[in-house]
Amino acid sequence: MPKELEPGSHESPDDSSSTAHSLELLCHLDDTAHGSTACVTWEPTGDGKKVISLADNHILLWDLQESSGQAVLASSASLEGKGQLKFTSGRWSPHHAGTQVATASDTTVRGWDTRSMSQIYCIENAHGQLVRDLDFNPNKQYYLASCGDDCKVKFWDTRNVTEPVKTLEEHSHWVWSIRYNHSHDQLVLTGSSDSRVILSNMVSISSEPFGHLVDDDDLSDQEERRPEEKSQEPPRDGVIATYEEHEDSVYAADWSSADPWLFASLSYDGRLVINRVPRALKYHILL
């Protein structure tokens, strides 16, 4: 990306006086020999030189060689079994020094060690139907969330995968997307082809089960004058809010990387909706 378009630059990319910029191709992932690519994900730690891609029944670890303009296939593994096994999604764990990846294929969730490309755990029949998406808890090791075509959202402890830790059944159709909040991992966002986005509070399995203090600067004068009215009841698991601005299937939902209370969702009809966590609930979580 041209330096003047990078975050922190003063030039606006849509400035009418600026000339058109072209992106520079650094590397090409030549994985056509392995099938159609379902997912590509960056290593969350390290120098950003490693990438995992999922192509049909292959999981491929690439080492990006910018100088040669080509990515080198460092190692790979493939699914073995009956039928046409294909990966649908994958997620690199932000923990364990970037050595673990979780993948979904059909109704099964698998964990992989990228050093040996060997399977470290397997959750067979994690969902009754196809698993659509995965996400790791960014603040709590071993916790993994999954969603699928059985309309359910499930939370797993990868050290004991016999039963999910929690299950949510709030959507009425396939759940396409699930995302943990980057800062406050009790906030979980899901998008579904029932055209709804649901914000849930999973405080009992979060890294902040009782909340924590908020800076006084974040409180308005009105809130400071009435401390006795603040609820002292600890938050409970459940749905915080349901957003129904979409008129078609919601295929993606994600949190802002700059503002922990801001999130966006995208539906099949091309509608992008940006929302905030309700203010009252924000302080209920923090206090």
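As a reminder, the structure under discussion sits directly above these lines.
Residues numbered from 1 in each chain as written. Predicted model: local features only at pLDDT ≥ 70, side-chain atom pairs only at ≥ 80, totals over all residues. Heavy atoms only, no water.

### Focus on empty space enclosed by the protein
No. 1: Counted by the stated rule, this structure contains one cavity of 30 Å³ or more.
No. 2: Approximately 50 Å³ is the volume found for the largest cavity.
No. 3: A per-class count over the lining of the largest cavity returns four nonpolar, three polar and three charged. (1 Å grid on protein atoms, 1.4 Å probe; cavity = no way out; pocket = protein on both sides within 12 Å on 5 of 7 lines; lining within 4 Å. Points joined across faces, edges and corners; volume = space filled by probe spheres on them. Nonpolar A, V, L, I, M, F, W, Y, C, P; charged D, E, K, R; others polar.)

### Observations concerning a nonpolar patch on the surface
No. 1: There is a patch of nonpolar side chains on the surface, built from L266, L272 and I274 and spanning about 300 Å² of accessible area.
No. 2: Residue placement: L266 occurs in strand 18 (residues 262-267).
No. 3: The exposure class of L266 is partly exposed, given its relative accessible area of 38%. (Patch = residues over 30% accessible without salt bridge, like charges linked within 9 Å, V, L, I, M, F, W, Y side chains within 5 Å. Areas by Shrake-Rupley, 256 points an atom, 1.4 Å probe, with all protein chains shown as cover. Salt bridge = Lys/Arg side-chain N within 4 Å of Asp/Glu carboxyl O. Helix = DSSP H or I, 4+ residues; strand = E, 2+ residues; numbered from the N terminus. Buried < 20%, exposed > 50% of the residue type's maximum accessible area, 1.4 Å probe, protein only.)

### Comments concerning the sheet that holds strand 14 (residues 187-192)
No. 1: As summarised here, the arrangement of the four strands in space is 13-14-15-16, forming an open sheet in which the pairing is antiparallel. Pairing within the sheet leaves two strands with one partner each, and these edge strands are strand 13 (175-180) and strand 16 (238-243). The sheet shows a mean angle of 20 degrees between the axes of neighbouring strands, direction not considered.
No. 2: Two strands pair when backbone bridges link them, and strand 15 (residues 197-201) and strand 16 are joined in this way by five bridges, in the antiparallel orientation. Bridge pairing in strand 16 links N201 to G238. (Pairing = 2+ DSSP bridges. Axes fitted to C-alpha atoms, helices over the stretch in contact; angles between N-to-C directions.)

### Considering the environment of W62
No. 1: Tracing the backbone through its elements, the reader meets W62 in strand 3 (residues 58-65).
No. 2: Separated by twelve residues in the primary sequence, W62 and K50 have C-alpha atoms spaced 5.6 Å apart.
No. 3: For W62, the side chain forms a polar contact with the side chain of S53, separated by 2.8 Å. (Polar contact = N/O pair within 3.5 Å; in protein donor to acceptor, adjacent residues only side chain to side chain.)

### Description of the side chain of S89
No. 1: Here S89 shows up in strand 5 (residues 87-92).
No. 2: Of the polar contacts made by the side chain of S89, one reaches the backbone oxygen of R132; its length is 3.4 Å.
No. 3: Excluding its chain neighbours within four sequence positions, the residues that come into contact with S89 are C39, L54, A102, T103, A104, R132, D133 and L134. (Contact = heavy atoms within 4.5 Å.)

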